[in-house]
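Fold and contact review
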Amino acid sequence: MTTLPTTPHDVGEAVPRAVSRKGTGADAVFEHGARAVGASVLVITGGVGLFLAWQAYPTLQRYGWSFFTESQWQPDEDVIGIAAVLTGTVSVALVAMAIAFPLALLTALYISEYAPARSKSTLVSLVDLMAAIPSIVYGLWGFFLVMPYAAGMARWLQQHFGWIPVFAVNDTDPNAAVWDTSRYVSSAFCAGIAVAMMVMPMACAVMRQVFSQTPVGEKEAALALGATRWGVVRSVVLPFGRGGIIGGTMLGLGRALGETIAVVLIVSPAFEIKPRILEIGTSTVSSLIAGRFGEASEAQLSALLAAGFVLFVITLAVNTVAAVVVNRSRSGAGTDA
Amino acid sequence: MTTTAETGSARRSDAPLGGTFLPQYDDDAPPALPRASLGRPSPDERFARVGSWLAAFALAWLVTQRLLPLAGVPWLLVAWFGLGLVVTAVTAGMTDGVTAVKDRVAESLVTGAALLVGAALVSTLVFVAIRGWRPLMNLNFLTADMSGVGPKDGFVTGGILHAITGSLIELGIALAITLPLGIGTAVFMTEVGGRFARIVRTVVEAMTALPSIVAGLFIYTVLIVALGYPRSGLAASLAIAVMMLPIIARAADVVLRVIPSGLREASLALGASRWRTVWHVVLPTARPGLATAVILGVARGVGETSPVLLTSGAAAFLVTDPTDGVMNSLPLFIYSNVRSGEPNAIARAFAAALVLVALVLALFVAARLLARPRSNRPSLHHRLRSAYPFGAHR
């Protein structure tokens, strides 16, 4: 026999239990603790950026636009500008990317598409190891091992492509019987080679990551339609990984712009706007800071900080664009495999 | 029995429309060739590939060393690569069409580029080892400091103990600052969330773009110029910490974000509080990934020269107190010795670089081992216990 529950008459209106997302006890401590840590990190990291901007402001106010158009850095004569170091920074970074981009792209393709499956994880670790090797070691490598060959190659480039302004070298004759090596060393080109070694693994890692997310179904579909391996790469992997290619390149560019110690070891400082990348002497923002901080007075220090701030803003812009491009790419959101 | 086209077509015309035909077999036809597998090239193809490169090497040697005035190993290698691509294209074109030529050339190009990168890595390591092994042959290189040793002195005196100690102390302090802050921030960004967490994430990601020399300049300006502290190991570790903090926080954030939310929800559904969920579920699951993130950040921090160049100053003697005076470190030692221009000092710099690379390599291997998925093999402790069940543990 079934008994139906009867509603007791003496019970009042049912009150819903109070539900709150607010933590109680240990949870509240955890939440507030984590928030405090986050806030302190925000203060530290954001403080660096704000401090740089605050320090850069008087310099920018004093010199105005001439800070960006003046190429000399002579604090004693009150002539300060970063035009030369900015172009030097950009030319070193561009040389580095011109070398690193094809190598990174092809290496990433090799690891994700061509390498035997067994050796793939080893190759990935090797690329990561390359990224972890300190930049000063690449600086030594570039200065002592590569520079003589780079000088020879620079001379060859000048001999055959010297009519292009970029490859010109002033005040020397490339066809002389005994050629003047010293005009070809310590150039933006030599520094760019060492910096390329540094940024290549970074760009390669990003590209490989994106390539490895290519939907297997699309690759197999291309193979089933009779595509060769290169056909698969060209029609599936590269279009899919375009965001990763652009993003990885720009991340590498961001690192190349800020690289210091390899550049300081290799280049000999020169303060002129110089498109001739093969010729001795150039200067980058970071090598300027490394070379001049010791003797700087308070005002000069503020000028150096302003230069550092400009470098930081450029790097930040490049990195932000890279992050946006990588996130917008099709990775993961395509047709299901 | 023969089946020819005539009989086939005759039958077909007899059959009613839409009927079914059995295929007819031609017994006189030669047996079908087994299809070359997709994964592995046939002997012919392998011969064409390897042979092309051998032919290209011979051709390159002839052209560069005998015919054109381009003697020397670099030109030989360049010509070998260029001619190798051409010969590969020609041999592929002799048997197959344009598509195969493109495929073969692309394969050679990609493999060649990967080999070039590998060669660059190997040349870096080997070059540093060759230039730096001689000072390392004397044990005092690792157990002595450089006090009273001139740059021209032989390798039997002096060493880099002070630089190694300085590097480790600076790194230890930097790690003591960045580890709790970095991982705490990552936990805040992923586990607590909210609008404030998004702001923190944006700023932290932006600060990873900070060039290391600007971080050094920041500490130099604030601590040394404005506040008047002398250059010291502590300043150097603060500079490294400023540089490493965003890197570690961001890497840890990436690791924590890929923890499956099912684990969190299961823990919460079992009645655990959020704090217990983080401490007992999220962090243990992420432990290998977090260890990797931290170690790679450390590897970056130990090799970074520019912050310590600005903030620490290079002492030639052993300093163990980070607040007291200048303190040397490995990258700074390398830099200052290379700059001195003396052959012996440069050899010492290379030896120190070798030690630095070995240190980074050790950190890297540790990161790899920690990042490996935990195997099901019982630990030594457990095996011992099961082997001796009546031991001291009972």
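Residues numbered from 1 in each chain as written. Chains lettered and ligands numbered in written order. Predicted model: local features only at pLDDT ≥ 70, side-chain atom pairs only at ≥ 80, totals over all residues.

What to know about the overall build of chain B
When helices and strands are counted, chain B shows 15 helices and 0 strands. Within chain B, the fraction of its 394 residues that count as buried is 40%. (Helix = DSSP H or I, 4+ residues; strand = E, 2+ residues; numbered from the N terminus. Buried ≥ 20, exposed ≤ 12 C-beta atoms within 10 Å, placed from the backbone.)

Notes on the overall build of chain A
From N to C terminus, chain A includes 12 helices and 2 strands. Moving toward the C terminus, one meets the helices and strands of chain A in the order α-α-β-β-α-α-α-α-α-α-α-α-α-α. Relative to a compact globule of 337 residues, whose C-alpha radius of gyration would be 20 Å, chain A shows 28 Å and is clearly more extended. Judged by the C-alpha coordinates and their principal axes, chain A covers about 115 × 65 × 30 Å. Within chain A, the proportion of its 337 residues that are buried is 48%. (Rg over C-alpha atoms; globule rule 2.2 N^0.38 Å.)

Digging into the interface of chain B and chain A
Contact residues are listed per partner, giving 73 residues for chain B and 66 residues for chain A. When residues of the side of chain B that touches chain A are assigned to their parent elements, the largest contribution, 19 residues, is made by helix H4 (residues 98-136) of chain B. The residue makeup of the side of chain B that touches chain A, split by class, is 54 nonpolar, 12 polar and 7 charged. (Contact = placed C-beta atoms within 7 Å. Nonpolar A, V, L, I, M, F, W, Y, C, P; charged D, E, K, R; others polar.)

Comments concerning the confidence of the model for chain A
When the pLDDT values of chain A are averaged, the result is 83; 95% of them are 70 or greater. Every residue in residues 331-337 of chain A scores below 50 in pLDDT, and together they form 13 contacts with partners more than four places removed in sequence or on other chains. (pLDDT = per-residue confidence, 0-100.)

With respect to the packing of helix H8 (residues 212-226) of chain B against helix H9 (residues 233-257) of chain B
Residues and elements named next belong to chain B. Running from N to C, H8 and H9 point in directions that differ by 135°, and their axes come no closer than 9 Å. Here H8 is positioned oblique relative to H9, judged by the angle of their axes. In this structure, H8 crosses over H9, and the sense of that crossing is right-handed. Contacts between H8 and H9 involve Ser-212, Ala-215, Gly-216, Phe-218, Ile-219, Leu-223 and Ile-224 from the first element and Ala-235, Leu-238, Ala-239, Val-242 and Met-243 from the second. Residues of the contact of H8 with H9, tallied by class, amount to 10 nonpolar, 2 polar and no charged. (Axes fitted to C-alpha atoms, helices over the stretch in contact; angles between N-to-C directions. Parallel < 35°, antiparallel > 145°, perpendicular 65-115°, else oblique. Left-handed = near helix turned anticlockwise from the far one by under 90°.)

Quick notes on the environment of Ser187(A)
All names here are of chain A. Mapped onto the secondary structure, Ser-187 falls in the loop between helix H5 (135-161) and helix H6 (188-211). Distance in space between the C-alpha atoms of Ser-187 and Glu-279 is 5.5 Å, their sequence separation being 92 residues. Excluding residues that lie within four positions of it along the chain, Ser-187 makes contacts with Ala-154, Ile-277, Leu-278, Glu-279, Ile-280 and Thr-282.

Quick notes on the nonpolar core
Taken as a class, soluble globular proteins show a tendency for nonpolar side chains to be buried jointly. The biggest cluster of nonpolar side chains holds 203 residues, and the ones touching the most others in it are Val195(A), Ala203(A), Ala307(A), Ala239(B), Ala352(B) and Ala353(B). It is H6(A) that provides the largest number of residues to this core, a total of 20 residues. Excluding residues within four positions of it along the chain, Ala307(A) makes contact with Ile82(A), Val85(A), Val285(A), Leu288(A) and Ile289(A). (Core = buried A, V, L, I, M, F, W, Y, C linked by C-beta atoms within 7 Å.)

A closer look at the confidence of the model for chain B
All names here are of chain B. Summary statistics for chain B give a mean pLDDT of 81 and a share of 87% for residues scoring 70 or more. Within chain B, the lowest mean pLDDT, 46, falls on helix H1 (residues 5-14), and the highest, 91, falls on H4. Counting contacts from residues 1-13, a segment whose pLDDT is below 50, to residues more than four positions away or on other chains yields 7 contacts. Predicted as a complex, the structure gets a pTM of 0.81 and an ipTM equal to 0.83.

Here we look at unusual backbone geometry
All names here are of chain A. You will see that Ser-186, though not glycine, has its phi angle at about 55°, which is positive. Assignment of secondary structure puts Ser-186 in the loop between H5 and H6. A count of 22 C-beta atoms within 10 Å places Ser-186 in the buried class.

Looking at the environment of Glu170(B)
Residue and element names in this part refer to chain B. With respect to the helices and strands, the residue Glu-170 is situated in helix H6 (residues 161-192). Residues Glu-170 and Ala-236, spaced 66 residues apart in sequence, show a C-alpha to C-alpha distance of 6.7 Å. When sequence neighbours within four positions are dropped, the list of residues in contact with Glu-170 reads Gly-233, Ala-236, Ser-237, Ile-240 and Ser-329.

Side note on the packing of helix H1 (residues 26-63) of chain A against helix H11 (residues 274-303) of chain B
Running from N to C, H1(A) and H11(B) cross one another at 70°; their axes reach a closest spacing of 7 Å. Taken together, the axes of H1(A) and H11(B) lie roughly perpendicular to each other. Where H1(A) approaches H11(B), its residues Ala26(A), Asp27(A) and Phe30(A) are matched on the opposing element by Arg274(B), Trp275(B) and Val278(B). Taken together, the residues that form the contact of H1(A) with H11(B) break down as 4 nonpolar, no polar and 2 charged.

A look at helix H8 (residues 229-240) of chain A
Across its 12 residues, H8(A) extends 15 Å between first and last C-alpha, which sits within 8% of the 16 Å expected from 1.5 Å per residue. Listed as buried for H8(A) are Trp230(A), Val232(A), Val233(A), Val236(A), Val237(A) and Phe240(A). Buried residues of H8(A) fall within an arc of 165° about the axis and therefore sit on the same side. Lining the buried residues of H8(A) we find helix H3 (83-114), H6 and helix H7 (216-224) of chain A together with H4 of chain B. (Expected span 1.5 Å × (residues − 1). Arc of directions from axis to C-beta.)

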